[in-house]
Structures are given as C-alpha cells and as structure tokens.
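Fold and geometry: a report
One-letter residues, chain by chain:
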Amino acid sequence: MSVWIGAGLAAVAAAAGVQALAAAGRSVLPGAPGRPSRARIAARLLRRVGASPLGRRLPRERLRMLSSTAESEWSPDEWVGAKLVAAITVGIVGLAGPIPPAAAPLALVAWRGPELALARRARRRVARASAEVPLFLDLLAVATSAGLAPQACVRAATEPLVGPLASELREALRRTDLGRRWRLELADVAERLALPDLRRAATILA
C-alpha cells in the first residue's frame, strides 16, 4: 500500500510540476535579457519529446482544443511531451519499486496528469468567461438599441470587458479586421468556450 501511495504522490507531483512550468510560460530571467528561463528550457525539451517519432503517433486534437481554451502558451507537442515524460518517469520509479506490476497503472495515472491539469485550467477560464457574458449581453443590447451595425455592436460591447471573454472577442475582432467574417468568428468563440448565451446572441445578431 505504501508503494502505491508513494508512486501516486510521484504522479501527482509530476502533474503539478508540468502545470507550474506551463503557468511560468516563456518568460526570461530578470536582469538577463533574452536569456531563456528554466521553464522555457523545459518547454523546449518537452517539445522535442512530443515531436519525436513516438510523440507524433499520439493524438493531440483534444490537447489542441484544451490548450486554446485555457489560453496556454504551450503547443500540443509540448503537452504530449509532458505526458510522455511524466508517464515514463513514474513508470521507471514503479519498476524500481518492490511491486513492479504496479508500474503500468501508475504510469497511466501520470500520463493523464498533465492533461487533467490543462483541462482544469481550461474549465476555470471558461467559468470566468461565463461570468462576463451577462455584462456583454447588456452592453450588446444597449449598442443595438442605439442603432449600431451588428459588428459595431460587438466591438462596442467588448471594449469595457477585461477578462477571458474580452480576450477571445478582441482576438475575433482582430481576425475580422483582417478579412474574416465576424459572424463566423463570434460563433467560433461561443463554440470554443461552450457558452450557450453567447451562441444565442451570435445567432440573433447574424
């Protein structure tokens, strides 16, 4: 039982370490312009592992979706690399322990750890975006009653917002300025964040 607890804690620690590295992002060390931090070096190594022949065989569509929703700076290759490194590390620890058969299930737990950490981060960001929707809809109603065109309504309603929804909408408006259709961009934001009220607003505006 103690082996299971110890290896389980190792799996949790591996997932927590990956999450901490992802949160650290790609910053540079203070006082050393252009010098990569340890988090950046780790991300680079994980990217190489994820882009290896083994890593390229692994699915990453869900990781790509979660990474986009969580606004993670890590690429799908880096998240795949994190999953592989966590699973291999915990698997080796398990094989070296007194109960080698436990290595496989523990490695599976470690394999899932980074993805679960990313999914939790995505859920938190969606929850914060959802809390912004009522204000956005109120501002949208005001802009609509003022007689603005639909795209101008979205732009005016986005300006006072400051959270994740604002970030998503501003990026959508930026792509619209580059020639994309605003209806599709707004619908994409609603689908990616799974916000029914925003989806209905996009349908009404369209």
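Structure: above.
Reference entry: report on the structure contained in this document. (Residues numbered from 1 in each chain as written. Predicted model: local features only at pLDDT ≥ 70, side-chain atom pairs only at ≥ 80, totals over all residues. Heavy atoms only, no water.)

**Quick look at the overall build of the protein chain**
Here is the rule we go by: Secondary structure counts use DSSP, requiring at least four H or I residues in a row for a helix and at least two E residues in a row for a strand, with both numbered from the N terminus. With a 1.4 Å probe rolled over the protein chains alone, any residue whose accessible area is under 20% of its type maximum counts as buried; one over 50% counts as exposed, and the rest are partly exposed. Contacts were defined at the residue level, with two residues in contact if any of their heavy atoms lie within 4.5 Å. We get accessible surface area from the Shrake-Rupley algorithm with a probe of 1.4 Å; when it comes to residues, only the shown protein chains can shield them.
In terms of helices and strands, the protein chain carries ten helices and zero strands. Taken over 206 residues, the protein chain has a buried fraction of 38%. Taking the intrachain contacts of the protein chain between residues at least 6 apart in sequence as the baseline, contacts between residues at least 24 apart amount to 61%. In the structure as shown, the protein chain presents an accessible area of about 11300 Å², 64% of it carried by carbon and sulfur atoms.

**Quick notes on the packing of aromatic side chains**
Note the threshold: Each Phe, Tyr or Trp ring (for Trp, its six-membered ring) is paired with any other whose centre lies within 6.5 Å, and the angle between the two planes then decides the class: stacked below 30 degrees, edge-to-face above 60, tilted in between. Working rule: Lys NZ or Arg CZ, within 6 Å of ring centre, within 35 degrees of ring normal, means a charge sits over the ring.
In this structure the tally under the stated criterion is one aromatic pair. Across from the ring centre of W111, 4.1 Å away, lies the NZ or CZ of K83, which sits over that ring.

**Some points on the side chain of E185**
Within the secondary structure, E185 is located in helix 9 (residues 182-193). Those residues within four positions of E185 in sequence are excluded, and the remaining contacts are A172, R175, T176 and R180.

**Topic: empty space enclosed by the protein**
Note the threshold: Residues are called lining when one of their atoms sits within 4 Å of a cavity or pocket point, these points coming from a 1 Å grid over the protein atoms alone, where a cavity is a set in which a 1.4 Å probe fits but cannot get out and a pocket is an open set with protein on both sides within 12 Å along at least five of seven lines. Grid points are joined across faces, edges and corners, and a volume is the space filled by probe spheres set on the points. Three classes are used, and their members are as follows: Ala, Val, Leu, Ile, Met, Phe, Trp, Tyr, Cys and Pro are nonpolar, Asp, Glu, Lys and Arg are charged, and the others, Gly among them, are polar.
If you walk through the whole model with that rule in mind, you get one cavity of 30 Å³ or more. A volume near 40 Å³ is recorded for the largest cavity. Lining the largest cavity are V154, L169, A172, L173, T176, W182, E185 and L186. If you list the elements that add at least two residues to the lining of the largest cavity, you get helix 8 (164-177) and helix 9. With four residues, helix 8 is the largest single contributor of residues to the lining of the largest cavity. Within the lining of the largest cavity, the residues separate by chemical class into six nonpolar, one polar and one charged.

**Describing the pattern of salt bridges**
We count it as follows: We define a salt bridge as a contact between a side-chain nitrogen of Lys or Arg and a carboxyl oxygen of Asp or Glu at a distance within 4 Å.
In total, this model carries 16 salt bridges according to the counting rule given. In this structure, E171 engages R175 in a salt bridge whose closest nitrogen and oxygen atoms are separated by 3.4 Å. Placement of both E171 and R175 in helix 8 is noted, with a separation of four residues, approximately one turn of the helix. Sharing partners across several salt bridges, the network here consists of E171, R174, R175, R180 and E185.

**So, helix 10 (residues 196-205)**
Applicable threshold: To be clear, the arc concerns the directions from the helix axis to the C-beta atoms.
Buried within helix 10 are the following residues: L198, A201, A202 and L205. All buried residues of helix 10 project into a common sector of 100 degrees when viewed along the axis, lining one side. Those residues of helix 10 that are exposed and aimed more than 90 degrees away from the buried face are T203 and I204. Taken together, the buried residues of helix 10 touch helix 6 (103-145), helix 7 (150-158), helix 8 and helix 9.

**Side note on the packing of helix 8 against helix 9**
The relative placement of two packed helices comes down to the angle between their axes together with the axis-to-axis distance. Rules: Every axis corresponds to a line fitted to the C-alpha atoms, with the helix fit spanning only the stretch in contact, and the corresponding angles, defined between N-to-C directions, vary from 0 to 180 degrees. Geometric relationships in this document are graded by angle, where less than 35 degrees denotes roughly parallel, more than 145 denotes roughly antiparallel, 65 to 115 denotes roughly perpendicular, and other angles denote oblique. Helix crossings are classified by the rotation of the near helix relative to the far one: an anticlockwise turn of less than a right angle makes the crossing left-handed, while a clockwise turn makes it right-handed.
Interaxial distance between helix 8 and helix 9 falls to 9 Å at its minimum, and their mutual angle equals 150 degrees. Taken together, helix 8 and helix 9 sit at an angle that is classed as roughly antiparallel. Where helix 8 crosses over helix 9, the two elements pack in a sense that is right-handed. Within the contact between the two elements, helix 8 uses L165, E168, L169, A172, R175 and T176 and helix 9 uses W182, E185, L186, V189, R192 and L193. Of the residues contributing to the contact of helix 8 with helix 9, the split by class is seven nonpolar, one polar and four charged.

Functional significance is not addressed by these values, which are geometric in nature.
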